[in-house]
Amino acid sequence: MGDLSKDSDRILHEARSLRDDNRTGGRHRRATSIGAGSAELKAKHYARKLVQIAIGIVGIMIAAGVVGAIIGGIGFWGVMLSVLAILVVTGVVSTQKVKVPKRADINKGNVQQMVGRTELWLENQRPALPPPAARIVSDMGVQLDALGLQLEGVDQNHPKAREVRSLVGEQLPEMIESYRRVPAHLRSEERAGSTPDRQLTESLGKISGEIDSITRQLAEGSLDDLAIKHRYLDYKFGEGAETSPQLEHKD
């Protein structure tokens, strides 16, 4: 377990360093993303926009060519109209923003995809959160990335998959939505020894710790599988093979 904790801490540290580098311009695609899952969803959105623009331009050029063939050329004004149409299509498609998942849609489909949708949803909630809570959400992106990797290939009915779906897909967004329903001027007002701002921050800290715990538990299973395969290969081809009984060959 000591090695597991050390490896997990190292991975999380490297991921946080990469995230911080991205935020300072290291990789523009992920400059505003809290994690790889949300960055991937954004990249797919931008790719779809490029395809839509390309299709629009090709369609306009084909239409201009057909009209030109019918009337014997489109002339100067025809060219200008075609250029204007291309600019309009490009402008309209370029202004389309990434579709943020609705609260009701977060917990649908594959649990690994759900983690990516949660990251994108969290990014859009972050500006409304108090600074300490917003920092936890930013760090949570790295944790969700690590969790998503561990969930790859995990059966959807696996107990840990169900636990992740409950924690990340239900409890986390429900808590943030409950906070946002509190009027802004009451969020820092103390009541029963605490404030909504402090309660949110503490709750996010607990969820962050639970995400890390689940990731470590899933990683422990992967490490056990790797150790078993290593021992098998060592026995068959390594030192174990040299000391194993050999069949005697008769002349």
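Since the model is a prediction, treat every value here as computed from it, not as a measurement. (Residues numbered from 1 in each chain as written. Predicted model: local features only at pLDDT ≥ 70, side-chain atom pairs only at ≥ 80, totals over all residues. Heavy atoms only, no water.)

Engineer: An account of the layout of surface pockets is requested, with residue identities and associated values reported.
Structural biologist: Within this model, the second largest pocket holds a volume of roughly 320 Å³. Broken down by secondary-structure element, the contributors of at least two residues to the lining of the second largest pocket are helix H2 (36-71), helix H4 (111-125) and helix H5 (131-151). Of the residues assigned to the lining of the second largest pocket, the class counts are 5 nonpolar, 5 polar and 4 charged. (1 Å grid on protein atoms, 1.4 Å probe; cavity = no way out; pocket = protein on both sides within 12 Å on 5 of 7 lines; lining within 4 Å. Points joined across faces, edges and corners; volume = space filled by probe spheres on them. Helix = DSSP H or I, 4+ residues; strand = E, 2+ residues; numbered from the N terminus. Nonpolar A, V, L, I, M, F, W, Y, C, P; charged D, E, K, R; others polar.)

Engineer: Go over the packing of H4 against H5 with me, naming the residues and quoting the values.
Structural biologist: Direction vectors running N to C along H4 and H5 enclose 170 degrees, while the axes themselves pass 9 Å from each other. Classed by the angle they form, the pair H4 and H5 counts as roughly antiparallel. Residues Val111, Gln112, Val115, Thr118, Glu119 and Leu122 of H4 form the contact with H5, whose participating residues are Val137, Met140, Gly141, Leu144, Asp145, Gly148, Leu149 and Leu151. In terms of residue class, the contact of H4 with H5 is made up of 8 nonpolar, 4 polar and 2 charged. (Axes fitted to C-alpha atoms, helices over the stretch in contact; angles between N-to-C directions. Parallel < 35°, antiparallel > 145°, perpendicular 65-115°, else oblique. Contact = heavy atoms within 4.5 Å.)

Engineer: Tell me about H4, residues and numbers included.
Structural biologist: Taking 1.5 Å as the rise per residue, H4 with 15 residues should run 21 Å; its terminal C-alpha atoms sit 21 Å apart, in good agreement. Burial within H4 is extensive, with 12 of its 15 residues counted as buried. Lining the buried residues of H4 we find H2, H5 and helix H6 (159-180). The N-cap residue of H4 is Asn110: its side-chain oxygen and the backbone nitrogen of Gln112 are 2.6 Å apart. (Expected span 1.5 Å × (residues − 1). Buried < 20%, exposed > 50% of the residue type's maximum accessible area, 1.4 Å probe, protein only. Polar contact = N/O pair within 3.5 Å; in protein donor to acceptor, adjacent residues only side chain to side chain.)

Engineer: I'd love a proper account of the confidence of the model for the chain, names of residues and values included.
Structural biologist: Confidence along the chain averages 80 in pLDDT terms, with 75% of residues attaining 70 or more. When the elements of the chain are averaged for pLDDT, helix H1 (residues 2-23) gives the smallest value, 50, and H6 the largest, 92. Segment residues 22-31 is flagged for pLDDT under 50; beyond a separation of four residues in sequence, or across chains, it makes 18 contacts in the model. (pLDDT = per-residue confidence, 0-100.)

Engineer: So what about a nonpolar patch on the surface? Which residues, and what values?
Structural biologist: On the surface, a nonpolar cluster with roughly 570 Å² of combined accessible area is contributed by Val58, Ile62, Val66, Val67, Ile70 and Ile71. By secondary structure assignment, the location of Ile71 is in helix H2. (Patch = residues over 30% accessible without salt bridge, like charges linked within 9 Å, V, L, I, M, F, W, Y side chains within 5 Å. Areas by Shrake-Rupley, 256 points an atom, 1.4 Å probe, with all protein chains shown as cover. Salt bridge = Lys/Arg side-chain N within 4 Å of Asp/Glu carboxyl O.)

Engineer: Lay out helix H3 (residues 75-94) with the relevant residues and their values.
Structural biologist: When the terminal C-alpha atoms of H3 are compared, their 29 Å separation across 20 residues agrees well with the 28 Å that a helix rising 1.5 Å per residue should span. For H3, every residue scored as buried is listed here: Gly78, Ser82 and Val93. Down the axis of H3, the buried set is contained in an arc of 40 degrees. They therefore lie on one face. Looking at H3, the residues exposed on the side facing more than 90 degrees away from the buried face are Phe76, Trp77 and Leu87. Those residues of H3 that are buried are in contact with H2. (Arc of directions from axis to C-beta.)

Engineer: I'd like a rundown of the pattern of salt bridges, residues and numbers included.
Structural biologist: Summed over all chains, the structure comprises 7 salt bridges. When the shortest N-O distance is used, the salt bridge between Asp105 and Lys108 registers 2.9 Å. In this structure Asp105 comes out as partly exposed when scored by relative accessible area, which is 31%. Here Lys108 falls in the partly exposed class, since its relative accessible area comes to 46%. Shared partners join several salt bridges into a network, and the residues in it are Arg103, Glu174 and Glu177.

Engineer: Quick one: what's the story with the side chain of Ser82, residue by residue and with numbers?
Structural biologist: Its location among the elements puts Ser82 in helix H3. Those residues in contact with Ser82 that sit more than four places away from it in its chain are Ile60, Ala64 and Ile74.

Engineer: Quick one: what's the story with the environment of Leu204, residue by residue and with numbers?
Structural biologist: By the secondary structure assignment, Leu204 is in helix H7 (residues 196-237). Given a relative accessible area of 0%, Leu204 falls into the buried group. Along the primary structure Leu204 and Val137 are separated by 67 residues, whereas in three dimensions their C-alpha atoms are 7.6 Å apart. Each residue touching Leu204, except ones within four places of it in the same chain, is listed here: Ala133, Ile136, Val137, Met140, Leu172, Met175 and Ile176.

Engineer: Can you lay out the packing of aromatic side chains for me, pointing to particular residues and giving the numbers?
Structural biologist: Taken as a whole, this structure holds 1 aromatic pair when the rule is applied. Between Phe76 and Trp77, the ring centres sit 5.2 Å apart and the planes meet at 75 degrees, which makes this aromatic pair edge-to-face. Note on Phe76: relative accessible area 54%, which makes it exposed. (Phe/Tyr/Trp six-rings, centres within 6.5 Å; stacked < 30°, edge-to-face > 60°.)

Engineer: So what about the nonpolar core? Which residues, and what values?
Structural biologist: Counting residues in hydrophobic clusters, the biggest one holds 31 residues, and the most contacted among them are Leu122, Met140, Leu147, Val164 and Leu204. Secondary-structure elements contributing two or more residues to this core are H4, H5, H6 and H7. Contacts of Val164, omitting those with residues within four sequence positions, involve Val111, Met114, Val115, Leu147, Leu151, Gly169 and Ile214. (Core = buried A, V, L, I, M, F, W, Y, C linked by side-chain atoms within 4.5 Å.)

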